[in-house]
Amino acid sequence: MGTAIVITSGKGGTGKTSLTGGIGAALALQGHSVLCVDGDVGLRNLDITLGMSDAVLMDFSDVMAGRCDLERAAVPHPSLSNLFLLTAPLTLPEDFAGEDGFRAMLEQARERFDYILIDAPAGLGPGFRLAVCGADRAIVVALNDPASLRDAQRTVAQLDQLETIHLVVNRVRGRLLRKMATTIDDAMDAVGLPLLGLVPEDAQVTLAAGSGRVLLPTNQKGAAQAFRNIARRTTGEQTPLMRIR
């Protein structure tokens with residue numbers, strides 16, 4: 001039985017969609033079957049991060065309504081054999097089954113995939129509640145600045161139904177941390193979560209998305225290596241944190 005992990009943040013701009021794609025690709029390269037679910041109705045972008053723009057025809061609302069089975073709607077990645085994408089609808093249909101239907105769809109996905117990564121929309125509205133309703137675990141993404149950490153705290157307060165919640169600090173710049181006299185320990189204390197990983201600021205993330213390709217497996221350093229490390233920790237493997245200079 002697979003594990004559903006929602007990846008969320010208090011506000012937009014933390015890079016959680018890139019993180020979802022990066023962890024998903026890393027898990028697939030490790031041999032796990034992975035379904036990445038874009039939970040952002042109307043503002044879906046996970047297909048761009050995965051280099052799968054215009055590759056999908058059906059979305060999760062079609063699966064929930066029975067218009068299409070999960071096997072057909074989950075589109076395989078063109079180069080990573082274990083990675084699949086299930087996208088969000090542009091608008092919710094009138095027959096949308098809500099949280100009960102989303103939970104039922106995730107139950108189907110658990111029977112087929114080792115990991116289901118749900119890219120939640122920013123904010124704490126109905127889209128967020130839909131994305132988290134059937135999750136087993138959560139990853140909260142934050143930047144290392146006071147506003148982002150406060151948003152992460154508020155997000156954690158909405159996840160009390162989950163026993164396992166981890167923090168990922170994204171777009172870390174070591175020189176800036178030193179100038180601000182802050183550390184990652186401060187970020188952990190502010191949010192009150194155990195740290196799953198650090199991702200350095202890396203222009204290759206944007207360049208890969210802009211060129212329509214997934215960051216892994218061609219890149220071996222920077223954010224790509226951070227995604228690999230986080231994927232290993234997600235599976236329970238002991239992996240040292242990256243040293244970010």
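Treat the numbers as computed from the prediction; the structure is a model and nothing was measured.

## Digging into the sheet that holds strand 7 (residues 164–172)
Stage number 1. The mixed open sheet is built from 8 strands, whose spatial order is 3-4-2-5-1-6-7-8. Each edge of the open sheet carries a strand with a single partner, namely strand 3 (75–76) and strand 8 (195–200).
Stage number 2. The sheet contact formed by strand 7 and strand 8 spans 4 bridges and is parallel. Bridged to Leu167 within strand 8 is Leu195.
Stage number 3. Across the sheet, helix 5 (residues 98–112) touches strand 1 (3–8), strand 2 (34–38), strand 4 (83–86) and strand 5 (115–119), and the angle it forms with strand 5 is around 145 degrees.
Stage number 4. Each of strand 1 and strand 6 (137–142) touches helix 7 (residues 146–157); the most contacted strand, strand 6, lies at about 160 degrees to it.

## Observations regarding unusual backbone geometry
Stage number 1. Of note in this structure, Arg171 is not a glycine but carries a positive phi near 55 degrees.
Stage number 2. As for its placement among the helices and strands, Arg171 is situated in strand 7.

## Focus on the confidence of the model for the protein
Stage number 1. Looking at the protein, the pLDDT average stands at 89 and 96% of residues meet or exceed 70.
Stage number 2. Looking over the protein, one finds the lowest element-wise mean pLDDT in helix 8 (residues 174–180), namely 67, and the highest in strand 5, namely 98.

## Re the pattern of salt bridges
When the charged atoms of two side chains with opposite charge come close together, those side chains can pair.
Stage number 1. All told, the structure shown has 9 salt bridges when counted by the stated rule.
Stage number 2. For the salt bridge of Asp151 with Arg154, the shortest nitrogen-to-oxygen distance reads 3.9 Å. Taken together, the residues span about one helical turn, with Asp151 and Arg154 both in helix 7 at a distance of 3 residues.
Stage number 3. Asp151 sits in the buried class, given a relative accessible area of 11%.

## A closer look at helix 10 (residues 203–210)
Stage number 1. Among the residues of helix 10, the N-terminal cap falls to Asp202, whose side-chain oxygen and the backbone nitrogen of Gln204 are separated by 2.9 Å.
Stage number 2. After helix 10 finishes, the residue Gly212 shows a positive phi value of roughly 75 degrees.

## Observations regarding helix 7
Stage number 1. In this model, helix 7 (12 residues) spans 17 Å end to end at C-alpha, consistent with the 16 Å of a helix rising 1.5 Å per residue.
Stage number 2. Between a side-chain oxygen at the N-terminus of helix 7 and the backbone nitrogen of Ala147 the separation is 3.1 Å; the capping residue is Asp145.

## Some points on the environment of Val141
Stage number 1. Relative to the elements of secondary structure, Val141 occurs in strand 6.
Stage number 2. For Val141, a relative accessible area of 1% corresponds to the buried category.
Stage number 3. Spatially, the C-alpha atoms of Val141 and Gly10 are 8.2 Å apart, while their sequence positions differ by 131 residues.

## Considering the environment of Thr49
Stage number 1. Structurally, Thr49 can be placed in helix 2 (residues 46–49).
Stage number 2. For Thr49, a relative accessible area of 15% gives the class buried.
Stage number 3. Residues Thr49 and Asn82 lie 33 residues apart in sequence; the distance between their C-alpha atoms is 16 Å.
Stage number 4. What Thr49 contacts, discounting residues up to four positions off in sequence, is Thr17, Ser18, Gly21, Arg213 and Val214.

## Some points on the pairing of strand 1
Each regular strand shows side chains that alternate between the opposite faces of the sheet.
Stage number 1. Within strand 1, 6 of the 6 residues are buried, which leaves the element mostly enclosed by the surrounding structure.
Stage number 2. Judged by which residues are buried, strand 1 turns out to be covered on both faces: Thr3, Ile5 and Ile7 on one side and Ala4, Val6 and Thr8 on the other are all buried.
Stage number 3. Where strand 1 meets strand 5, 5 bridges bridge the pair, whose relative direction is parallel. Residue Val6 lies in a different strand from strand 5, and its bridge partner there is Ile118.

## Quick word on the side chain of Asp47
Stage number 1. Relative to the elements of secondary structure, Asp47 occurs in helix 2.
Stage number 2. Buried Asp47, no salt bridge; nearest opposite-charge side chain is Arg44, N-O distance 5.5 Å.
Stage number 3. Once residues lying within four places of it in the same chain are set aside, the contact partners of Asp47 are Met52, Ser53, Asp54 and Leu85.

## Quick notes on the packing of aromatic side chains
Stage number 1. Summed over all chains, the structure comprises 3 aromatic pairs.
Stage number 2. The interplanar angle of 50 degrees and the centroid separation of 6.5 Å between the aromatic rings of Phe60 and Phe96 together place this pair among those described as tilted. Here Phe96 lies in the loop between strand 4 and helix 5 and Phe60 lies in helix 3 (residues 60–65), a separation of 36 residues in the sequence.
Stage number 3. Looking at Phe96, the relative accessible area reads 21%, which means it is partly exposed.
Stage number 4. Taking 5.4 Å as the distance between ring centres and 80 degrees as the angle between the ring planes, the aromatic pair formed by Phe60 and Phe102 counts as edge-to-face.

Basis of the calculations
Residues numbered from 1 in each chain as written. Predicted model: local features only at pLDDT ≥ 70, side-chain atom pairs only at ≥ 80, totals over all residues. Heavy atoms only, no water. Pairing = 2+ DSSP bridges. Helix = DSSP H or I, 4+ residues; strand = E, 2+ residues; numbered from the N terminus. Contact = heavy atoms within 4.5 Å. Axes fitted to C-alpha atoms, helices over the stretch in contact; angles between N-to-C directions. pLDDT = per-residue confidence, 0-100. Salt bridge = Lys/Arg side-chain N within 4 Å of Asp/Glu carboxyl O. Buried < 20%, exposed > 50% of the residue type's maximum accessible area, 1.4 Å probe, protein only. Polar contact = N/O pair within 3.5 Å; in protein donor to acceptor, adjacent residues only side chain to side chain. Expected span 1.5 Å × (residues − 1). Lys, Arg positive; Asp, Glu negative; His and termini not counted. Phe/Tyr/Trp six-rings, centres within 6.5 Å; stacked < 30°, edge-to-face > 60°.

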